[in-house]
Structures are given as C-alpha cells and as structure tokens.
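Now for the letters of each chain:
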Amino acid sequence: MKLLLPVITLGLLALTGCSDKGSPAGAGPGSQAASKAPEATTIKIGEFGSMTGSEATFGQSTHNGILLALEEVNAAGGVNGKKVELKSYDDQGKSQEAGTVVTRLITEDKVVAILGEVASSLSLAGGRVAQQYGIPMISPSSTNPQVTAIGDMIFRVCFIDPYQGYVVAKFARENLKFSKVAVLYDQGQAYSKGLKDDFIKAFTEMGGTVTVEQSYTGGDQDFSAQLTTIKGTSPEAVFLPGYYTEAGNISLQAKKLGLIATMLGGDGWDSSKLAEIAGDAIEGAYYSNHYAAEDTRPEVQEFVKKYQAKYGSVPDGLAALGYDAARLLFDAMRRAPSLAGKDLAAAIASTKDFPAVTGVISIDAERNATKPAVVLQMKGGKPVYAATVEPRK
Ligand code: PHE
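What you are looking at is a predicted structure, and each value in this text was computed from that prediction instead of being measured.

Definitions and cut-offs
Residues numbered from 1 in each chain as written. Predicted model: local features only at pLDDT ≥ 70, side-chain atom pairs only at ≥ 80, totals over all residues. Heavy atoms only, no water. Helix = DSSP H or I, 4+ residues; strand = E, 2+ residues; numbered from the N terminus. Contact = heavy atoms within 4.5 Å. Areas by Shrake-Rupley, 256 points an atom, 1.4 Å probe, with all protein chains shown as cover. pLDDT = per-residue confidence, 0-100. Buried < 20%, exposed > 50% of the residue type's maximum accessible area, 1.4 Å probe, protein only. Pairing = 2+ DSSP bridges. Right-handed = clockwise from strand over helix to strand, strands pointing away. Axes fitted to C-alpha atoms, helices over the stretch in contact; angles between N-to-C directions.

1. Description of the overall build of the protein chain
Here is step 1 of the chain: Along the backbone of the protein chain there are 13 helices and 14 strands.
Here is step 2 of the chain: Long-range pairs, those at least 24 residues apart, make up 67% of the contacts in the protein chain between residues at least 6 apart in sequence.
Here is step 3 of the chain: For the protein chain, the accessible area works out to roughly 16,100 Å², and carbon and sulfur atoms hold 55% of it.

2. Re the confidence of the model for the protein chain
Here is step 1 of the chain: In this model, the protein chain carries an average pLDDT of 92, and 90% of its residues clear a pLDDT of 70 or more.
Here is step 2 of the chain: Counting contacts from residues 1-28, a segment whose pLDDT is below 50, to residues more than four positions away or on other chains yields 11 contacts.
Here is step 3 of the chain: Contacts of residues 30-34 to residues separated by more than four positions or lying in other chains number nine contacts, the stretch itself having pLDDT below 50.

3. A short note on the pairing of strand S6 (residues 180-186)
Here is step 1 of the chain: Counting buried positions along S6 gives six out of seven residues, so the element sits mostly inside the fold.
Here is step 2 of the chain: Note that S6 and strand S7 (residues 209-216) share six bridges and pair parallel. The partner of Val 183 across the bridge, within S7, is Glu 213.
Here is step 3 of the chain: Crossover S6 to S7 through helix H7 (residues 190-205) is right-handed.
Here is step 4 of the chain: As paired strands, S6 and strand S8 (residues 237-240) are joined by three bridges and run parallel to one another. Opposite Val 183, over in S8, you have Phe 239 as the bridge partner.

4. What about the sheet that holds strand S14 (residues 382-389)?
Here is step 1 of the chain: Taken in spatial order, the seven strands line up as S7-S6-S8-S9-S10-S13-S14 in an open sheet, and their pairing is mixed. Unpaired on one side and paired on the other, S7 and S14 mark the two borders of the sheet. Across the sheet, the mean angle separating the axes of adjacent strands is 25° when strand polarity is ignored.
Here is step 2 of the chain: Strands in contact with helix H9 (residues 244-256) are S6, S7, S8 and strand S9 (262-265); relative to S8, the strand with the most contacts, it is inclined by about 155°.

5. Here we look at the sheet that holds strand S2 (residues 83-90)
Sheet strands line up and pair through hydrogen bonds in the backbone, either parallel or antiparallel.
Here is step 1 of the chain: Judged by pairing direction, the sheet is parallel, and its five strands sit side by side in the order S2-S1-S3-S4-S5 without closing on themselves. The open sheet has two edge strands, S2 and strand S5 (154-156), and neither has a second partner. Across the sheet, the mean angle separating the axes of adjacent strands is 25° when strand polarity is ignored.
Here is step 2 of the chain: Two elements, strand S1 (residues 42-49) and S2, share eight bridges in a ladder whose sense is parallel. Note that in S2 the partner of Ile 45 across the bridge is Leu 86.
Here is step 3 of the chain: Relative to the sheet, helix H2 (residues 56-75) contacts S1, S2 and strand S3 (113-115), its axis offset from that of S2 by approximately 170°.
Here is step 4 of the chain: In the packing of helix H4 (residues 120-133) onto the sheet, the strands contacted are S1, strand S4 (137-139) and S5, and the crossing angle to S4 comes to about 165°.

And the structure:
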C-alpha cells in the first residue's frame, strides 16, 4: 500500500493537469475552481510572501511557521486522510507581483486556499484576486482593516490597527507617561498610514499631543530633513509605524542627529534585522506585537521549542502567526463539508476558541480576530516582553 500511493498520486495529478490544459473553460472569476476536478489524493494550498526585498524576513519567518504546521499535519496523516501540499511564491514585496502570483496559485496551481500576505498593501492586492475567484485567503498578519473588508473570502488571524494604535498610545501615555510624541510614517504603505491615524486618534483622546507628523516612502535612505523638523518640536518619543528596514535606519540617523527621544513602533518592527541595522540606537525602544516568546502559555512554549529545534532560532511574531494561520486553515478544512471556496470560507468563518500560539482565536463577523497585544522592549539587541494590553471591551 505504501509503495502504491505515490504512483496513484502521480497518475491523478498528471490527469488533472491534462484535462485542465485541454479545457478552455477553466476556472475564471466567479467559478468554483477545482470543484469539478477529479478527486485528488492531496490537498493543495498556496502561500505568497516577501521572501526577498526590504521586508524579506516577513516572508521567510512566515514561511518557516507555515512549514512547521504543514510538517506536523502531514506527519499526523494529513487532513481527512489527504496529505496537504504547499505551493509558495515570492512576491518580492511588490503589489503587482502579489496580484500576479495569487492569480497563478488559483488558475495554474489550483489551490483550494491561500495563506498570505504579511504587509497589508500586498494582502490588499492579492486579496482582491482571491475574492474575485472565490478562493479563501487567510492573512496571518496584515492588520489594516481594509484587508478583510475586501469580501467574504478574506480572513485574518491577527488583531487590527485601530486596536494596535490604541495599544501603543495607551502604553506611551499610561506606562511611559509621555505627553508629546512626534510621528514619522511611510506614505506608501496602507499599514503605516492607517496605524499612524489610529495612534494619533487614541493618543490625543488620552490627552496626549502629537508635536508633528512627517512622512517618507519605503526605500528612502536619508531621513535627516524629517528628523531635523521632529527634533525642533522636542518630543519625548517618536512613533514609527513602518517596517523594520526604515525603522532601523531612522533610529540610527536620529541618534546621529542628537534627537534624544524614545522610539516607538508597531508590529512592522518585528525582525531580527531591526537591531542589526540600528545597533544600539534601538536600545530601549518599544513596539507592539502579536506574541512574546517568553509567554508561559503551553501553546507558546511548545511552539518555541519545536521551532528552535527545526530552525535554530527563536521564532518572531510572524513565524507564530504563519503557524497559527496554517493550523487554523487545516482545522477549518476538517470541518468543511467540501473544499469548494464557499464551504471552506464558511468553515473558517465559524472558527471559535481556536487555541493558537498568538492567543485564542475566534473569527468575528468582519472575518477578523480579537486578541490581546504585547509590548516588547529592545534590550541587548533583542525584543523582551514588557506588557500585555487586553482588547478594549
Ligand atoms: N501588520 C503589518 C501590516 O499589516 C505586517 C506585520 C505583522 C509585520 C506582524 C510584522 C509583524 O502591514
């Protein structure tokens, strides 16, 4: 039996491939991809992420988390007796590429569901395609509210930015007792623009003042003009709701300019590269995130142990969210009456109290998850747990 299986698998896959190529009426927008395909012996899922480019660790860490979950589910016999197969594409951190690879996953690879992206702008680009084809997509980590607002096929397993902005504001105002904060954000990223607004709203509602708002565009190298303006307003802190490459460079340049203020960030800082780029300029800075590796919940400790054994490093939040998104998808697949888009989406939508690494996940009516956030502090070049902020009731 063991020997026969691979042969049968190959035969069926080959057949599927032929009939697809021969039929001009393949899956298109609105049709249920794969619903008419002959019964396959594996379940194909897709992943798109930035494996290269200035957000490369986002894609790489997420991929590591997904692979660990995949290995585990297949070692345990797969989903409903079928092995799960993963097809991954690098979108290079580019919106257009994200759209292209999601189209490829659906029309060529015929995946039943998609995991990705990390960056909200890329989830927006890929998500529109997935929605159009009726294929469920779960973003592990995109926090901009617009992502799941695309439609009924698009889900996420993380909290959203109105909450994250509140978390950073509350921590800055109540724990650090700051009243004057400057903001420097990436005008090219939906995540950064949204989180900036959410932070400002929450911080000013708490009685804080935003001394000045400055912007940059991802890829910029020189931030001295913005930082000089910011320095002139003497803030106690600078909020940088961007990704790690620029956050690292900005912190470095701020220090060189003699801007003495505490750097604050959101989950976009979550990369081992942050400290590599910024060195000691990032010491003492705080950022909000989805999990802390020191959390004593058994789900966290078990995951950290397995991840370290496989990859030799402490998993970041993205790895944890990738792992959670994949496992939540497998759970929904087991419960779904079929793997057709509508059935699978309905099963994902009905997820309740799923015990994930990054918290207990229930998918709400907006296809989001409500979970606590943590605040981490950079100490000795590493993020260290500082506080937990519970969701607003
Ligand atoms: N939340 C970010 C976004 O939406 C992505 C991110 C999540 C980055 C978690 C790092 C860690 O763009």
